[in-house]
Amino acid sequence: MHQRTRRIGIFVVAFLLCVGLSNLVALASSEYTDQLVIYHWWTAGGEKIAVDSIFDVFKAAYPNIEVVENPITGGGGGTMRAQIKTMIMAGNPPDTFQVCGGKGMLGSYIDVLDPVDDFWDEYFPVPEAIKESVTINGHQYGIPINVMRANMLFYNKHIIDELNISVPFETLDDFYAACDRIKAAGYIPLAHGVGSGAKYWWTLMFDSILLAVPHGGPEYLESLYAGTANPANDPAIREALEAMKTIAENYINSDYAARTDDMANNLVVNGEAAFWQSGTWGKGFFTSKGSVPLVDFDAMAFPGNTEYYMCHSDCFVLPKGAKHPNAARAWLEIFKTPGAEIGFCTAHGSTVIRTDIPVGGFDDMAQKFIEEYRDPNLRKVASPWGGPPEVYLSLMSDALSVFGERLNVERTIQDYARAYAEVFE
Amino acid sequence: MARRKLGIVLFSLPAIALVSIFVYVFVGQSINLSFTDWRFARPIHWIGFDNYIRLFTLDRGFQTSLINTVKLTVFFIGLTIPLGLGLAILLDLGVKGRGFFRTIYLIPLSFSFVVSSVMWMWSFLPESGTINTILRTIGLSCLAQPWITSTSQSLWSVGIVYIWQFSGFATLVYYTGIASVNPELSEAAVIDGATTWQKYRHVIIPQQKPATVTILILTLMYSLKCFDLVWLMTGGGPGYSSEVLATYMYKVTFNQNKFGYGASIGIVLVVLSMGVVGLFLHYMRRGEHG
């Protein structure tokens, strides 16, 4: 018995030694001399293809750097950010990670990031407003690859053509009038879905409405995101809530709280609803279900938003204390090249951020989005994903989701003001 | 003998060390954190009991989530235990296809929370969901509900899914408990003229205390720390209507970056769990000795 046990012991030790030795050999013969530990939230079909296309460019340019990719999906990047925070606090930050470009969001991380000013000193043709969106206290903290317009309204082209509705809508009243006609024809005017905790769609709707109401507009939204507004007394908040009440009460699907955003999109794809609010990234939701851009669906600015380009970008940043800063810098260098941008944005469906990239290679809808981005007459304003501090989206969405259920303007003004105070406390 | 004891100590040491480090040291660290104002990437200051005072006096979100956690716990346990016991008795009464039903009851437990939540979200859709569609089809439109879309029903809707997922487990534990009752006792009761109901009521059910404790402790643990289903189905909403302590703690910590404050919510959760379980174990021990 003892002899058998000893034999098994010898076998186990020998096995472990072999495994260890083979690992050592593999390590010694590895072609890699550096490593890039990277976190992002691009996991869905088109997103995955998009990010893989940059990895291909990166690996071709830096074959000696091993890419350790950590895609974490969920919560519009919230799940990944939770992971990043714990890593940073544990003193083990990744080499680079994805974040929405915008003063507020980047500002939430500024103490743990190194500036990337030198990347911006080199030639990088983007509108000043985009550079400004990643600039805090005179320093840039992120390198963007794309831009997404958030205040878009997608629509089922067949329904809109059938009812002969003229788009876009210059005012909210024009939108209500169209919705009444759509409703009378037996369709749901606006598909909405905040299920699975995606309450932030309320905030997107509310902030888009804020751009459209008489006392709102881009300056007001910027003051709101900067923490200098006074929601308890500002007329714009009351006007926006009244408008949202009209929409929620009359024009959206009653099961919005149980539907995810994707399920809401299905209503438009299937011809049950006419409109669906999303950012330019919403195009991918349609095409992945077989809908053809400009034939089955189209997109326009949210009502009353035709002059405003509410946007954020996807940035990568340099965390302080990263183990492989050179690899991270190499990644950022690749990130801002036209080749990486074109490959990424074509697959992702977002808009290339460099203004020197020819539009010819993109489909018609993408070209339309690029032209809107490059149109100097469209006033750029940050979206709720980038403009305000990180906590804004969570706290304000809670306040607005109660409103969506109860439609009580007075109470929501108080809830909203309380949440707002907490964001900037 | 001494060598045997030494062996036991040596073999236990790794487990003791791991549990000490990964449970007790971290709980201790969380307690320490809960007395600070630590926010992500900002300096940490010791603030004494401020976090706890704020939780119980000012924080409406916390108070709502605490009440919701208690409501969900009572609803979940209050229905899972009688349902499990009832189904176990039905199985014990010798229904045909017992094995089949036993498997059917247990299937929900084998589903991951993600699968369950997606399935039930579809079922709860007010317009096209399975439940309301069935109700409308059989002429009971008046019973169709908004389910998870309503502030007054979202918590109970999530509770229904928890009950669905765990009642099979309760059934199995009770069924095993009933099977282990000495048959002579049941036979004696029957000889003395007890009806089936009386046999269960006075002989079998009173002996299910250990099974009840097992189910109660496990379901209590699940309901106090429940996160997955709530997070996936409602995200705590609409508003705070289905917010529970665990989801609120996550939001405060990771979405709002208040790590010290989040730790204080975690400690409340730990104290609550330990208190409830400790009280119950104390009660059970007293029952055993008395």
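Since the model is a prediction, treat every value here as computed from it, not as a measurement.

### Points about the overall build of chain A
Then, number 1: Regarding its fold elements, chain A presents 18 helices and 14 strands.
Then, number 2: Here the C-alpha radius of gyration of chain A, 24 Å, is about what a compact globule of 425 residues would show, namely 22 Å.
Then, number 3: With the C-alpha coordinates of chain A rotated into their principal frame, the extents come out at 85 × 60 × 45 Å.
Then, number 4: Considering only intrachain contacts with a sequence separation of at least 6, the fraction spanning at least 24 residues in chain A is 79%.

### A few points about the overall build of chain B
Then, number 1: Across its full length, chain B carries 13 helices and zero strands.
Then, number 2: What you see in chain B, going N to C, is helices and strands ordered as α-α-α-α-α-α-α-α-α-α-α-α-α.
Then, number 3: Every one of the 290 residues in chain B was classed for burial, and the buried ones make up 37%.
Then, number 4: Residue pairs in contact within chain B that sit at least 24 positions apart in sequence constitute 69% of those at least 6 positions apart.

### What to know about helix α11 (residues 235-250) of chain A
Residue and element names in this part refer to chain A.
Then, number 1: Across its 16 residues, α11 extends 23 Å between first and last C-alpha, which sits within 8% of the 22 Å expected from 1.5 Å per residue.
Then, number 2: Within α11, the full set of buried residues consists of Ala236, Ile237, Ala240, Leu241, Ala243, Met244, Ile247 and Ala248. One side of α11 carries all its buried residues, which in axial view fall inside an arc of 165°. Across from the buried face of α11, at angles greater than 90 degrees, the exposed residues are Pro235, Glu242 and Glu249.

### Notes on the sheet that holds strand β11 (residues 297-301) of chain A
All names here are of chain A.
Then, number 1: One open sheet holds the four strands; their spatial order is β9-β10-β8-β11, and the pairing between them is mixed. On the outer flanks of this sheet lie β9 (188-191) and β11, each paired with one strand and no other. Taking the axes of each pair of neighbouring strands and ignoring which way they run, one obtains an average angle of 25° across the sheet.
Then, number 2: Summarising the sheet, β9 and strand β10 (residues 273-278) pair through three bridges and their orientation is parallel. If you follow Leu190 over to β10, its bridge partner there is Phe275.

### Side note on the interface of chain A and chain B
Then, number 1: Taken residue by residue, the interface counts 23 residues in chain A and 27 residues in chain B.
Then, number 2: Taken together, the elements giving at least two residues each to the side of chain A that touches chain B come down to α3 (78-89) and α17 (390-406) of chain A.
Then, number 3: By residue number, the principal contributor to the side of chain A that touches chain B is α17(A), which donates nine residues.
Then, number 4: When the residues that make up the side of chain A that touches chain B are grouped by side-chain class, the tally is eight nonpolar, eight polar and seven charged.

### Describing the packing of helix α8 (residues 183-191) of chain B against helix α9 (residues 196-204) of chain B
All names here are of chain B.
Then, number 1: Between α8 and α9, the shortest axis-to-axis distance is 10 Å and the interhelical angle comes to 135°. With respect to their mutual orientation, α8 and α9 come out oblique. In the packing of α8 onto α9, the handedness of the crossing is right-handed. Counting all contacts with α8, which are made through Leu185, Ser186, Ala189 and Val190, the residues of α9 involved are Lys199, Val203 and Ile204.

### Describing the pairing of strand β7 (residues 143-149) of chain A
Here is the key point about a regular strand: its side chains alternate between the two faces of the sheet.
Residue and element names in this part refer to chain A.
Then, number 1: Burial of β7 is extensive: seven of the seven residues sit out of reach of the surface.
Then, number 2: Taken together, the six bridges between β7 and strand β12 (residues 308-319) define a ladder with antiparallel strand orientation. Among the inter-strand pairings, Arg149 is bridged to a residue of β12, identified as Cys311.
Then, number 3: Summarising the sheet, β7 and strand β13 (residues 351-352) pair through two bridges and their orientation is antiparallel. Each bridged residue has a counterpart across the sheet, and for Val147 the counterpart in β13 is Thr351.

### Looking at the confidence of the model for chain B
All names here are of chain B.
Then, number 1: Chain-level statistics for chain B give a pLDDT mean of 88 and a share of 98% at 70 or above.
Then, number 2: Taken element by element, chain B is modelled with least confidence in helix α13 (residues 259-289), mean pLDDT 83, and with most confidence in helix α2 (residues 50-57), mean pLDDT 94.
Then, number 3: Across the interfaces of the predicted complex, the ipTM metric reaches 0.73, alongside a pTM of 0.80.

### Remarks on the domain arrangement of chain A
Residue and element names in this part refer to chain A.
Then, number 1: Each assigned domain of chain A is listed here: domain 1 (34-146 + 315-361) and domain 2 (152-310 + 384-423).
Then, number 2: For domain 1 and domain 2, the distance between their C-alpha centroids amounts to 28 Å.
Then, number 3: Every contact between the two is made by 15 residues of domain 1 and, on the other side, 14 residues of domain 2.
Then, number 4: Looking at the side of domain 1 that touches domain 2, the elements with two or more residues in it are α2 (45-61), β3 (96-101) and α4 (103-107).
Then, number 5: Sorting elements by how many residues they give to the side of domain 1 that touches domain 2 places α4 first, with four residues.
Then, number 6: For the side of domain 1 that touches domain 2, the residue count by class is two nonpolar, twelve polar and one charged.

### Side note on the nonpolar core
Then, number 1: Ranked by size, the top nonpolar core spans 192 residues in total, and within it Ala240(A), Ala273(A) and Trp331(A) carry the most contacts.
Then, number 2: For this core, the element with the highest residue contribution is helix α7 (residues 154-179) of chain B, accounting for 13 residues.
Then, number 3: The residues that make up this core include at least three from each of domain 1 (34-146 + 315-361) and domain 2 (152-310 + 384-423) of chain A.
Then, number 4: The contact partners of Ala240(A), leaving out residues within four places of it in the chain, are Phe206(A), Ile209(A), Leu210(A), Val213(A) and Gly216(A).

### A short note on the environment of Ile54(A)
Then, number 1: With respect to the helices and strands, Ile54(A) occurs in helix α2.
Then, number 2: Ignoring sequence-local partners within four residues, the contact set of Ile54(A) consists of Ile334(A), Phe335(A), Ala340(A), Gly343(A) and Phe344(A).

### What to know about unusual backbone geometry
Residues and elements named next belong to chain A.
Then, number 1: Residue Pro168 is bonded to the preceding Val167 through a cis peptide linkage, with omega at 0°.
Then, number 2: The residue Pro168 is located in the loop between α7 (157-162) and α8 (172-184) in this model.
Then, number 3: A positive phi angle, near 70°, is found at Leu294, a position not held by glycine.
Then, number 4: Looking at the secondary structure, you find Leu294 in the loop between α13 (283-287) and β11.

### A few points about the environment of Val147(A)
All names here are of chain A.
Then, number 1: With respect to the helices and strands, Val147 occurs in strand β7.
Then, number 2: For the pair formed by Val147 and Gly101, sequence separation is 46 residues and the distance between their alpha carbons is 9.0 Å.
Then, number 3: The contact partners of Val147, leaving out residues within four places of it in the chain, are Ile130, Cys311, Ser313, Ser350, Thr351, Ile353 and Tyr373.

Procedures and definitions
- Residues numbered from 1 in each chain as written.
- Chains lettered and ligands numbered in written order.
- Predicted model: local features only at pLDDT ≥ 70, side-chain atom pairs only at ≥ 80, totals over all residues.
- Helix = DSSP H or I, 4+ residues; strand = E, 2+ residues; numbered from the N terminus.
- Rg over C-alpha atoms; globule rule 2.2 N^0.38 Å.
- Contact = placed C-beta atoms within 7 Å.
- Buried ≥ 20, exposed ≤ 12 C-beta atoms within 10 Å, placed from the backbone.
- Expected span 1.5 Å × (residues − 1).
- Arc of directions from axis to C-beta.
- Pairing = 2+ DSSP bridges.
- Axes fitted to C-alpha atoms, helices over the stretch in contact; angles between N-to-C directions.
- Nonpolar A, V, L, I, M, F, W, Y, C, P; charged D, E, K, R; others polar.
- Parallel < 35°, antiparallel > 145°, perpendicular 65-115°, else oblique.
- Left-handed = near helix turned anticlockwise from the far one by under 90°.
- pLDDT = per-residue confidence, 0-100.
- Domains from an automatic or database assignment.
- Core = buried A, V, L, I, M, F, W, Y, C linked by C-beta atoms within 7 Å.

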